[in-house]
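Below, each chain spelled out in residue letters.
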Amino acid sequence: MSKVNRVSTTLTMPRRIAFSNIVLRSSRLIVFLVLFIAMAIASPAFFTMRNLLNILGQSIPIFLLVAGETLVMATGGVDLSLGVTGALSASFVAASLRHGNPIWLSIILGLAVGSFFGVINGLIVAKIRINPFITTFGTRLLILSLLNWYMRSSAIYDLPEPFRFLGIGRIGGIPAIIFVGLFIFAILYFLLNYTTFGRALYAIGSNSLASRISGIKVERILITVYAIAGIMSSAALMLIIARVNAADTRLYEGHELNAILGALLGGATFAGAVGTINGAVIGTLIFVLMRNAINLLGVSPLWSTFVSGIVVFLVVLMDEGVRRRVVIRRSSKH
Amino acid sequence: MDKQDRKNMEINKKPVLLRAEGIVKDFPGVRALDDANLELEAGEIHALVGENGAGKSTLAKILAGVISPDEGKIYIDGKEIKIRSPREAQVMGIAMAFQELNLVPSLTIGSNLFLSHELKTIGGLVDISKIHKESKKILLTLGLDIDPYTKLSDLSIAQQQMVAIVRALTFNTRILILDEPTSSLTNFEINKLFEILKKLKTQGIAIIYVSHRLEEVFQIADSVTVLRDGKMVGTLEASEANVNKVVVMMVGREISDMYPKKAAILKDEALRLVNITKYGVCEEVNLCLHQGEVVGLYGLVGASRTDVARIIFGMESYDKGDIYILGKKVGRTNPNRSVALGIGFLTEDRKNEGLCMNLSVKQNIIRASLKKLFPTGFINPGSEEVVAKKYIDELNIATPSTNQLVFFLSGGTQQKVVLSQWICTGSKIMILDEPTHGIDVGAKVEIYQIINRLVKDGVAILLISSDLPEILGMSDRIYVMRRGRLAGEFIREKCVAEDIVSCAIGVDKVNDAAI
Amino acid sequence: MQQYRKKILYWITKLPSIFYIVVFLIITFSILSRHFATLENLFNVIRQSSVLMIVSLGMLVAIMSGGIDLSVGVIVGLAGTIIAVLLRTGLNLSLVIAISILACLLIGTLSGLLISKGRIQPAIVTFGMFFTIQGINQGITKGGSITISNKFFEHFGNSLYLGVPSFLWVVVSMIIVSAILLRRTTFGSYVCAIGNDIEGARSQGISVGLYLVLVYIFSALMAGVSGVILASRLITGNALIGIGIEFESLAAVVVGGTLIGGGSGTLAGTIFGALVISILKNGLSLLGLRSEVTSAIVGITIISSVVIAQVLYSRRKLSEQS
């Protein structure tokens, strides 16, 4: 094909933009580093290998939740039911293990429960077109009731050794859970960045109507995303019960709020199309560090929620400020 | 000239009511108005015409206070004023009836009429009965007998449009701005509107009439100003103006210069619609498209051309009829299947339907071709980059990199990105809906060149456009639609602009080109 | 006589369909449980619904403006904790209540400014507020509960004023205030305009920025008022009070027939919606069901009504287009 003759000369693009993009992406990294260094200086107990590994281990389940939430938010939605879905799955898993079922079966059962509820969320959001907020709030209520009813009859302790290994075991001195985390990180990273699924996901988050016109199967992808989030949630809570060796009413402690918070900290927004797995990692780490900082520095844990709120605001405002300069207009419509 | 005549002239010379000078307005990527000027006398109906994207709505909105100009001055009664908000404009007696109406469907007619300037009781509360009494009065003086307590959403679109116009008169209006006021009106209602406008003239109210319907403009306007790509081309008195002159001013160059169309070498049939009917939308639409051909689809707003396109593409269902693609009959489809079948759809609203604004050029180009380029589901970023670069090169897309967010590109460049998206999928049938809407002339020509290349490669193109010169210049054949039905079919060499326009309006004229 | 019949018929057709659901529920529960239709129980229902109802009024306005206020729950709690803490310091009760309401006003203003000037989505702003205020609650109460020790205040929760329970006065007056605001002032029509099309409203001369702030001040105020009432009933302030009301009030609004996108809304519908939820909760617990089951049923009802409303709405839109 021969080239089109150059006629058009209009071009309005400030050079500053490339720089601002980098600033936006690394600003979170900077926040994390600042926090990290501040803590290392403020408290000697912080900067030990043991403590760091411990923190890392704690953050893996949170990472899974945050990653799942990030994926959902990247499509322009939100999932408020993640915490309870995971809790329910985990309690089923605990009961199954107690019952003597093989571990691999129990784990699959747990993941299946998570994906089941995820699919339900996806169906309601994609096919019946109900606002994800309301949908997942509703499913959250339902699952919470199920959970309450189920948990009443059983609090389970003393889970089988091999299962617990995932939570607290070590391989070559490094907690096994970190390997689990790395494994899932790799899968999600690959999924989001090197598959057509990932590309379609971002397209839907940016503009679902344009994506539909491009021939993307919007419904199918949305359902899959919510299913993945459900699976992540189940995996996360299974790791938690493996760590604490208990499946009781402490299981549901506002995980979904932490997940959203972590996702926001990691760069996702409710408007969609932004949000990466790397971001989820950083968001998780910032969140965990924040929590730890509050502990170590003797700040009353009661103010931690307040701090979380302020941090959310600061992060969102910072985003908005950078965005204003870079002038990104969101144009997603269903 | 004797003394008496001179005196008469002085008496008859009307003072300039409104003057706008040097108005400049920039939006990201495009200069919407470049040194625009306007002069308006009391009792004058002044039309603003131009193609889509010429800047007429922008100028109107600046005068109404909705947009603030980057440069320029506005004078009323000789005094310079600054209009900082719509409310200030309203207070000064400038009011606008918007193309999009901008009314509130859940409120009554009366509430809508007095929105922003409600009549209040002594206590400061809104005086609902007074508002509706006044509304009834106003409606009656304009010859409209509607109950002001009716909810706006219960009215037809035409009635709602009338309400929008009436609202603009409730402000002690001296300058009335109408933006495409007749797009939803029947002929009967248009005549009624023109009666009202004539009455307003006698009251000394000046009217700015923004429209792309030239026939109407010539019926009602005293003078016509033509805009093209944000610049003033000229102002004509109604007595001097006719369609051809104005069209030439709107387009700006000889049609043959601008549209490098070559004769088509037809091949097989690509698309055929047989008696497509959708209740309330279109009726018995028959058209066909061949490979290597550009077929234009012309019509006024409301002719349902986009609906037909959406039906072809599977975005809307239809009740009767058949669609044949590449000779094979296809049943109900959806966009996913249409893309797989080789149909591409460049929509009218590229910002909301064509592009993912905060994704990169690269992502927007490959978005429709994901399955085609990467059948296994795994992406090779290298290939993405190569493909994107290929189209950026071939279509001369002005972007510093493949990762640039499309938001920052100019309108013409954005449109090229959308085009690339469809070319990349290897579409054999492309529906282009107003492809040069809101694009500068240079980019327009480039797009026409692209279209020519495509048909040379055997693509069939359905060109939907309200831009007469464009349709005449680019199409091999032209279908005209009017209110959901096919009103005529023309061959390019055998027709003139007036034939097509008349057909679209509905004035009966002999059709030479019938096939 | 004909005039009266016409008027009554007119009013009957004007009633939102949710009204019939209320009637249906009342009849059903009266049949299912003999304890339901007692004066005492009905009184209980109204009492239990008063907080939800007032909050729902505020949520209604937020939704009509095209937004949402997720912080109303924690504001309810905040009102109580502020009263509890300040009373400890010995300040006058009226002053304390005034400060508490003032705090809510401030919060509403802040949220409103962030939404209108900061151009941040209402969901995000109020979500952040939720965290922040919850944190403040926790900080003030140090995780525990603070008892409110003011005789008059305690008394208020159970007292009668002119033969009618005090809280009912508050509820009714809030409803009247809302009705006046929505129907008789520019506030109502401007909120609809903004919810329908924010830029369209702006182009018609409405000060969108100002009214958006007013919207969130209103919803914070409603939350504050109901927080005061709740505190007088529970006589404690702690950080858990009010959590969940944000979603219940959203449900009341939606169940009542208002659409989430904004632009229109029904006050009567919201009131009945709040009643429906309260009646459901009350009736189900009277039937002896466990709280988990009750929550499940309430949840299902909410979801189904939202689904139905959405389906009906889209079906109506489709028929309008063709």
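Note that the structure is predicted; figures quoted are calculated from it, not measured.

Cut-offs and rules
Residues numbered from 1 in each chain as written. Chains lettered and ligands numbered in written order. Predicted model: local features only at pLDDT ≥ 70, side-chain atom pairs only at ≥ 80, totals over all residues. Heavy atoms only, no water. Helix = DSSP H or I, 4+ residues; strand = E, 2+ residues; numbered from the N terminus. Buried < 20%, exposed > 50% of the residue type's maximum accessible area, 1.4 Å probe, protein only. Contact = heavy atoms within 4.5 Å. Areas by Shrake-Rupley, 256 points an atom, 1.4 Å probe, with all protein chains shown as cover. Buried area = accessible area lost by both parts, 1.4 Å probe. Polar contact = N/O pair within 3.5 Å; in protein donor to acceptor, adjacent residues only side chain to side chain. Nonpolar A, V, L, I, M, F, W, Y, C, P; charged D, E, K, R; others polar. Phe/Tyr/Trp six-rings, centres within 6.5 Å; stacked < 30°, edge-to-face > 60°. Lys NZ or Arg CZ within 6 Å of the ring centre and 35° of its normal. Pairing = 2+ DSSP bridges. Axes fitted to C-alpha atoms, helices over the stretch in contact; angles between N-to-C directions. pLDDT = per-residue confidence, 0-100. Expected span 1.5 Å × (residues − 1). Disulfide = S-S within 2.5 Å. Patch = residues over 30% accessible without salt bridge, like charges linked within 9 Å, V, L, I, M, F, W, Y side chains within 5 Å. Salt bridge = Lys/Arg side-chain N within 4 Å of Asp/Glu carboxyl O. Lys, Arg positive; Asp, Glu negative; His and termini not counted. Charge placed at Lys NZ, Arg CZ, Asp CG, Glu CD. Parallel < 35°, antiparallel > 145°, perpendicular 65-115°, else oblique.

A word on the overall build of chain A
So, point 1. Across its full length, chain A carries 13 helices and 4 strands.
So, point 2. Expressed as a percentage of its 334 residues, the buried residues of chain A come to 57%.
So, point 3. Contacts spanning at least 24 positions in sequence make up 79% of the contacts within chain A whose residues lie at least 6 apart.
So, point 4. As presented, chain A carries roughly 14,100 Å² of accessible surface, and 67% of it is formed by carbon and sulfur atoms.

Quick notes on the interface of chain C and chain A
So, point 1. Listed by partner, the interface residues are 37 residues for chain C and 35 residues for chain A.
So, point 2. Note on chain C versus chain A: buried area summed over both sides is about 3,200 Å², and carbon and sulfur give 81% of it.
So, point 3. The interface formed by chain C and chain A contains 0 residue pairs in polar contact (both at pLDDT 80 or more).
So, point 4. Of all the secondary-structure elements, those providing two or more residues to the side of chain C that touches chain A are helix H6 (122–141), helix H12 (245–255) and helix H14 (291–321) of chain C.
So, point 5. The dominant element in the side of chain C that touches chain A, judged by the number of residues it contributes, is H6(C), at 14 residues.
So, point 6. Residues that form the side of chain C that touches chain A fall into these classes: 20 nonpolar, 12 polar and 5 charged.

Considerations on the packing of aromatic side chains
The geometry of two aromatic rings is summed up by the distance between their centres and the angle between their planes.
So, point 1. Taken as a whole and judged by the stated rule, the model has 13 aromatic pairs over all chains.
So, point 2. An angle of 55° between the planes, with centres 6.1 Å apart, marks the rings of Phe187(C) and Phe218(C) as tilted. With Phe187(C) in helix H9 (residues 186–196) and Phe218(C) in helix H11 (residues 208–234), this residue pair connects regions lying 31 residues apart in the sequence.
So, point 3. Judged by relative accessible area, Phe187(C) falls into the buried class, the value being 8%.
So, point 4. One aromatic cluster is present, formed by Phe187(C), Tyr190(C), Tyr211(C) and Phe218(C) through successive ring pairs.
So, point 5. Seen from the ring of Tyr318(B), Arg332(B) lies directly overhead, with NZ or CZ sitting 4.8 Å from the centre.
So, point 6. In this structure, Arg233(C) is placed above the aromatic ring of Phe167(C), and the distance from its NZ or CZ to the ring centre is 6.0 Å.

Topic: the sheet that holds strand E3 (residues 45–49) of chain B
The strands making up a sheet associate through hydrogen bonds between their backbones, and the pairing can be parallel or antiparallel.
Residues and elements named next belong to chain B.
So, point 1. One open sheet holds the 6 strands; their spatial order is E6-E7-E8-E3-E9-E10, and the pairing between them is mixed. At either margin of the open sheet sits one strand with a lone partner, and together these are strand E6 (94–97) and strand E10 (231–237). Pairs of neighbouring strands in the sheet enclose a mean axial angle of 20°, with direction left out of account.
So, point 2. Taken together, the 5 bridges between strand E7 (residues 175–179) and strand E8 (residues 206–210) define a ladder with parallel strand orientation. Within E8, the position partnered with Leu178 by the bridge is Tyr209.

As for the confidence of the model for chain A
All names here are of chain A.
So, point 1. Counting all residues, the mean pLDDT for chain A is 78, and 81% of those residues have values of 70 or more.
So, point 2. Per-residue pLDDT, averaged within each element of chain A, yields its smallest value for helix H1 (residues 16–42) (66) and its largest for helix H4 (residues 103–126) (93).
So, point 3. Every residue in residues 1–21 is under pLDDT 50, and counting partners more than four places away or in other chains gives 39 contacts.
So, point 4. Counting interchain partners and residues more than four positions distant, the pLDDT-below-50 stretch residues 326–334 has 30 contacts.

Thoughts on helix H5 (residues 128–141) of chain B
So, point 1. Taking 1.5 Å as the rise per residue, H5(B) with 14 residues should run 20 Å; its terminal C-alpha atoms sit 20 Å apart, in good agreement.
So, point 2. Elements that come into contact with the buried residues of H5(B) comprise helix H4 (109–113) and helix H6 (157–168) of chain B.

Focus on the sheet that holds strand E2 (residues 30–41) of chain B
Residues and elements named next belong to chain B.
So, point 1. Taken together, the 4 strands give an open sheet; going across it, the order is E2-E1-E4-E5, and neighbouring strands pair in antiparallel fashion. Looking at strand neighbours, the two that pair on one side only are E2 and strand E5 (79–81), the edges of this open sheet. Shown here is a sheet whose adjacent strand axes are inclined to one another by a mean of 25°, direction ignored.
So, point 2. Sheet analysis places strand E4 (residues 71–76) next to E5, joined by 3 bridges and oriented antiparallel. Within E5, the residue paired with Ile74 across the bridge is Ile81.
So, point 3. Its contacts with the sheet place helix H2 (residues 56–63) against strand E1 (16–27), E2 and E4, and it is angled at close to 120° to E1.

With respect to the state of the cysteines
All names here are of chain B.
So, point 1. In this structure the tally under the stated criterion is 0 disulfides over all chains.
So, point 2. Of the cysteine sulfurs around Cys356, a residue in no disulfide, the closest is that of Cys424, at 15 Å.
So, point 3. For Cys356, a relative accessible area of 0% translates into the label buried.

Observations regarding unusual backbone geometry
Residue and element names in this part refer to chain B.
So, point 1. For Asp35, which is not glycine, the phi dihedral falls at a positive 60°.
So, point 2. With respect to the helices, strands and loops of the structure, Asp35 is situated in strand E2.
So, point 3. You can call Asp35 partly exposed: its relative accessible area is 45%.

A word on helix H13 (residues 267–286) of chain C
Residue and element names in this part refer to chain C.
So, point 1. Along its 20 residues, H13 runs 29 Å from first to last C-alpha, staying within 8% of the 28 Å computed at 1.5 Å per residue.
So, point 2. Burial analysis of H13 places 16 of its 20 residues in the buried class, the great majority of the element.
So, point 3. Where H13 starts, the residue carrying a side-chain oxygen 2.7 Å from the main-chain nitrogen of Gly269 turns out to be Thr266.
So, point 4. With its phi angle positive at about 85°, Gly288 sits one or two positions after the end of H13.

Some details on a positive patch on the surface
So, point 1. Taken together, the side chains of Lys127(A), Lys217(A), Arg220(A) and Lys371(B) define a basic patch exposed on the protein surface.
So, point 2. The class for Lys371(B) is exposed, based on a relative accessible area of 59%.

Considerations on the environment of Ile18(C)
All names here are of chain C.
So, point 1. Note that Ile18 resides in helix H2 (residues 18–32).
So, point 2. Along the primary structure Ile18 and Ile243 are separated by 225 residues, whereas in three dimensions their C-alpha atoms are 26 Å apart.
So, point 3. Leave out the neighbours within four places in its chain, and Ile18 touches Val255, Gly256, Gly269, Phe272, Gly273 and Val276.

Things to note about the packing of helix H8 (residues 196–206) of chain A against helix H10 (residues 218–244) of chain A
Residues and elements named next belong to chain A.
So, point 1. In the contact formed by H8 and H10, the axes pass within 10 Å of each other and the chain directions differ by 100°. With respect to H10, the axis of H8 lies roughly perpendicular. For the pair H8 and H10, the contacting residues are Phe197, Ala200, Leu201 and Ile204 in the first and Val218, Ile221, Leu222, Thr224, Val225 and Ile228 in the second.

Things to note about the pairing of strand E11 (residues 269–278) of chain B
Residue and element names in this part refer to chain B.
So, point 1. Where E11 and strand E12 (residues 282–290) come together, 6 bridges link them in antiparallel fashion. The residue of E12 that forms the bridge with Arg272 is Cys288.
So, point 2. The hairpin turn running from E11 into E12, its antiparallel successor, is 3 residues long, and Gly280 in that turn takes a positive phi close to 85°.
So, point 3. When E11 meets strand E14 (residues 320–325), the two strands line up antiparallel, connected through 5 bridges. Along E14, the bridge assignment pairs Val274 with Asp322.

What about the pattern of salt bridges?
Pairing of side chains with opposite charge becomes possible as their charged atoms draw close.
Residue and element names in this part refer to chain B.
So, point 1. Enumeration over the complete set of coordinates arrives at 24 salt bridges over all chains.
So, point 2. In this structure, the salt-bridge partner of Lys201 is Asp222, at a minimum N-O distance of 2.9 Å. Of this pair, Lys201 sits in helix H7 (residues 187–202) while Asp222 sits in the loop between helix H8 (214–220) and strand E9 (223–228); the two residues are 21 residues apart in sequence, bridging distant segments of the chain.
So, point 3. Given the relative accessible area of 25%, Lys201 is considered partly exposed.
So, point 4. On the basis of relative accessible area, Asp222 is assigned to the partly exposed category, the value being 25%.
So, point 5. Between Arg305 and Glu434 there is a salt bridge, and its shortest N-O distance comes to 3.8 Å.

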